[in-house]
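Coordinate inspection notes
Listed below, chain by chain, are the residues.
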Amino acid sequence: MATSQKLSDKPRTLIVGGGYVGLTVAQQLQKKVKEAGGVVTLVDPLPYMTYQPFLPEVVGGHIEARHAVVSHRKHLKDTEVVTGKVTGVDHEARTATVELDDGDTIELSYQDVVMAAGATTRTFPIEGLAEQGIGLKTIEEALTLRNQILDDIEAASTMTDEKAKARALTFTVVGGGFAGIECIAEIEDIVRAAVDANPRLSQSDVRIVLVEAMGRIMPEVSEDQAEGVVEHLRSRGIEVLLNTSLGSAVDGELQLIDMADKSEIDRFESGTLVWTAGVAANAVAKSSGFPVDERGRLKGSPTLQIVDDEGRAIPGAWTAGDVAATPDLTGAGPGGFCVPNAQHALRQAKMLAKNLLAARAGESLTEYKHESLGAVAGLGLYKGVGNPLGVKLTGFPAWLAHRGYHGMAIPTVERKVRVASNWLNELLFGRDFTQLRDLETPRRQFEEAATPATKK
Ligand SMILES: Cc1cc2nc3c(=O)[nH]c(=O)nc-3n(C[C@H](O)[C@H](O)[C@H](O)COP(=O)(O)OP(=O)(O)OC[C@H]3O[C@@H](n4cnc5c(N)ncnc54)[C@H](O)[C@@H]3O)c2cc1C
């Protein structure tokens, strides 16, 4: 175990995770805690917050990948930023174990801990999925997906083997929630544009499939709106398969199963397989030793404190966002808990910061209660669906509402401006579907050049 000599020895407010919740809590607390003689420390394996609602737009090429993330160091000037992964918490001793990037492990002592490690992609034991699939939770996944799609299209255009070509031009997304629907819509948009630009290919070569196990998509919008989206996607040539699940994905050959009688519906090869069928609380919730519910979420209270199995608040322990089971006092949330979304994460984070300071000052705490403002999704350029503030929108107005809301919601003015300038560039110069090659083998060309001719 390495020592942490370079880290502050002031009383620490430790934030585990620098996503929506962690970044916002740090922004709210850093100056006040500093003035009181303490330090806010934010630990995250990534040096940035990922604005996840923009991941489909990164796939679609509307936003530059770097602009959909917010640098911790640049925007948290009064916070001690540690790039590492919290692997355990000993709350009795008020210490957390952190695995640093270089493999060293350090212990950080703290006064209060804020558990904000979010959620990870939830998968099922489907043969071949781990090898063939990709999620859509990180900026790296979004960027890789985009490049892979464009690479496959380019490669397909010179293929003579019809089976290989069909595989390269088949794109499948599993999961009909917001993320899956936005993702398939963006994929369709960029695939059509890239195929149009390639004279060796035609749109009839392309197959785009959405697989959803339930009888409907997008539980966040009304049933008639969801049906409208299905119709809309089908009109764009996307095969929307409801009540269908993925049975196997060995070697990229997808087996689709009818949910009713478990019979095989279809079997085909797909070069792209995106899995967006659900999220689960980050595993650090369990390894922290704090009480978790049956879904692995930290047991939370309306005051955003972690509670013990009897529902009593644990002093000095706080949680919010996707990692927490926070009671939904409006009564609208499934099972009585807030749904895992950014709308709650952001508001909970602000209240958590206030309550943490109030607890230190011996003042009373406020309970979190938030009526949903509705949801709005982008379905590719100029297309969308949603019910912001209860108003049903489709098409261009919904798309505008989606961009307007998220353009304003991404943290920091600097990021808002960068994202807006991406959109302006697209308006002026059209969609950018340049793919970057060799991202995973960036030294390939240099190695070839540096290898003596005799060894080649
Ligand atoms: C594709 C997509 C689209 C979405 N669109 C919308 C939308 O339109 N509207 C909406 O309201 N919501 C949307 N969401 C959901 C929303 O992004 C999440 O609800 C929100 O990010 C939750 O915030 P959080 O802070 O709890 O978790 P996150 O933002 O996920 O942050 C968790 C952080 O913890 C870090 N971490 C993980 N493990 C550790 C560890 N062991 N130690 C330290 N740090 C750790 C992670 O690196 C991450 O930075 C979308 C999600 C996705 C994936």
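Residues numbered from 1 in each chain as written. Predicted model: local features only at pLDDT ≥ 70, side-chain atom pairs only at ≥ 80, totals over all residues. Heavy atoms only, no water.

Some details on the packing of helix H1 (residues 20-35) against helix H10 (residues 342-360)
Between H1 and H10, the least distance of the axes is 8 Å, while the angle of their chain directions is 30°. Relative to H10, H1 is oriented roughly parallel. Between H1 and H10 the crossing geometry is right-handed. Across the interface between the two elements, Tyr20, Val21, Thr24, Val25, Gln28, Leu29, Lys32 and Val33 of H1 pack against Ala342, Ala345, Leu346, Ala349, Lys350, Leu352, Ala353, Leu356, Leu357 and Arg360 of H10. Of the residues in the contact of H1 with H10, the class split is 13 nonpolar, two polar and three charged. (Axes fitted to C-alpha atoms, helices over the stretch in contact; angles between N-to-C directions. Helix = DSSP H or I, 4+ residues; strand = E, 2+ residues; numbered from the N terminus. Parallel < 35°, antiparallel > 145°, perpendicular 65-115°, else oblique. Left-handed = near helix turned anticlockwise from the far one by under 90°. Contact = heavy atoms within 4.5 Å. Nonpolar A, V, L, I, M, F, W, Y, C, P; charged D, E, K, R; others polar.)

Here we look at the sheet that holds strand S6 (residues 95-100)
Strand order in the open sheet formed by eight strands is S7-S6-S5-S2-S1-S8-S20-S19, and the pairing between neighbours is mixed. The sheet terminates laterally at strand S7 (105-109) and strand S19 (305-307), the two strands that pair on one side only. Along the sheet, successive strands turn relative to each other by an average axial angle of 45°, direction set aside. Summarising the sheet, S19 and strand S20 (residues 313-319) pair through two bridges and their orientation is antiparallel. Paired with valine 307 across the bridge in S20 is alanine 313. (Pairing = 2+ DSSP bridges.)

Description of the domain arrangement of the chain
Per the domain assignment, the segments making up the chain are domain 1 (12-121 + 280-360) and domain 2 (129-277 + 380-408). Each of domain 1 and domain 2 has a C-alpha centre, and these two points are 31 Å apart. With 22 residues of domain 1 at the interface, the matching set in domain 2 holds 22 residues. Approximately 1,900 Å² of surface area, both sides summed, lies buried where domain 1 meets domain 2, with 62% of it carried by carbon and sulfur atoms. The tally of links from domain 1 across to domain 2 stands at one salt bridge. (Domains from an automatic or database assignment. Buried area = accessible area lost by both parts, 1.4 Å probe. Salt bridge = Lys/Arg side-chain N within 4 Å of Asp/Glu carboxyl O.)

Thoughts on the pattern of salt bridges
Summed over the entire model, instances satisfying the criterion amount to 30 salt bridges. Note that glutamate 188 and arginine 236 form a salt bridge whose closest N and O atoms lie 2.9 Å from each other. One end of the pair, glutamate 188, is in helix H7 (residues 178-196); the other, arginine 236, is in the loop between helix H8 (223-235) and strand S12 (238-241), and 48 residues separate them in sequence. Glutamate 188 gets classed as buried once you look at its relative accessible area, which sits at 5%. Each of the salt bridges in this network shares a partner with another, and the network as a whole consists of Glu188, Asp189, Arg192, Arg236, Lys383 and Arg431. (Buried < 20%, exposed > 50% of the residue type's maximum accessible area, 1.4 Å probe, protein only.)

Structural notes on the site of the ligand
Looking at the ligand, there are 30 residues lining it, with Val21, Asp44, Gln52, Asp322 and Ala342 nearest. Asparagine 282 is positioned such that a nitrogen or oxygen atom in its side chain is 3.0 Å from a nitrogen atom of the ligand. One nitrogen or oxygen atom from the main chain of glutamine 343 is found 3.3 Å from an oxygen atom belonging to the ligand. In the complex, the protein chains occlude 89% of the 1,000 Å² of accessible area that the ligand would expose alone. When contributions to the shell around the ligand are tallied by element, the ones reaching two or more residues are H1, strand S2 (39-44), strand S5 (79-90) and H10. In terms of residue count, the dominant contributor to the shell around the ligand is H10 (three residues). Residue-level mapping places the shell around the ligand at the junction of two domains, with at least three residues from each of domain 1 (12-121 + 280-360) and domain 2 (129-277 + 380-408). (Near = heavy atom within 4 Å. Polar contact = N/O pair within 3.5 Å; in protein donor to acceptor, adjacent residues only side chain to side chain. Areas by Shrake-Rupley, 256 points an atom, 1.4 Å probe, with all protein chains shown as cover.)

Thoughts on unusual backbone geometry
One non-glycine residue, methionine 218, lies in the positive phi region at around 45°. Among the secondary structure elements, methionine 218 is positioned in the loop between strand S11 (207-211) and H8. Its identity is not glycine, yet leucine 304 carries a phi of approximately 70°, on the positive side. For leucine 304, a relative accessible area of 0% puts it in the buried group.

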